[in-house]
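Examination of the molecular architecture
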Amino acid sequence: MNIVNLIHIGDEVKNLDTMTPAEKKEIALALNSQALEAIGYRKVKTEEKTA
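Residues numbered from 1 in each chain as written. Predicted model: local features only at pLDDT ≥ 70, side-chain atom pairs only at ≥ 80, totals over all residues. Heavy atoms only, no water.

With that settled, consider the pairing of strand 1 (residues 6-9). Each regular strand displays side chains that alternate between the two surfaces of the sheet. Here four bridges tie strand 1 to strand 2 (residues 12-15), and the two strands are oriented antiparallel to one another. Bridging across to strand 2, I9 finds its partner in E12. The turn joining strand 1 and strand 2, which pair antiparallel and follow one another in sequence, is formed by two residues; a positive phi near 65° is taken by G10. (Pairing = 2+ DSSP bridges. Helix = DSSP H or I, 4+ residues; strand = E, 2+ residues; numbered from the N terminus.)

Okay, structure coming up:
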């Protein structure tokens, strides 16, 4: 048995196994953001503080 992970982006379908690490990271961040927003969290931008 061969399990394939497919990602649907708009009308395009991509195989997760053939994506570059940078593309995988971008997808993971987007999925995490969507999941957190679904349960009520939202991302807040803050100023970077330096010492």
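This part is about the confidence of the model for the protein. Overall, the prediction assigns the protein a mean pLDDT of 89, with 98% of residues at 70 or greater. Mean pLDDT values for the elements of the protein range from 90 in strand 1 up to 93 in strand 2. (pLDDT = per-residue confidence, 0-100.)

An α-helical turn contains 3.6 residues, so a residue and the one three or four places further along point in the same direction. Along its 18 residues, helix 1 (residues 21-38) runs 26 Å from first to last C-alpha, staying within 8% of the 26 Å computed at 1.5 Å per residue. Phi for G40, located one or two positions after helix 1, is positive at around 105°. (Expected span 1.5 Å × (residues − 1).)

Quick look at a nonpolar patch on the surface now. On the surface, V4, L6 and V13 cluster together into a nonpolar patch covering about 250 Å² of accessible area. One can find V13 in strand 2. (Patch = residues over 30% accessible without salt bridge, like charges linked within 9 Å, V, L, I, M, F, W, Y side chains within 5 Å. Areas by Shrake-Rupley, 256 points an atom, 1.4 Å probe, with all protein chains shown as cover. Salt bridge = Lys/Arg side-chain N within 4 Å of Asp/Glu carboxyl O.)

On to the environment of L16, then. As for its position among the elements, L16 is in the loop between strand 2 and helix 1. A sequence separation of 27 residues divides L16 from K43, and the C-alpha atoms of the two residues are 26 Å apart. When near neighbours in sequence (up to four residues on either side) are disregarded, L16 contacts N5, I7 and K24. (Contact = heavy atoms within 4.5 Å.)

This part takes up the environment of Y41. Among the secondary structure elements, Y41 is positioned in the segment after helix 1. You can call Y41 exposed: its relative accessible area is 55%. When the C-alpha positions of Y41 and I27 are compared, they lie 19 Å apart, and in sequence the two are 14 residues distant. (Buried < 20%, exposed > 50% of the residue type's maximum accessible area, 1.4 Å probe, protein only.)

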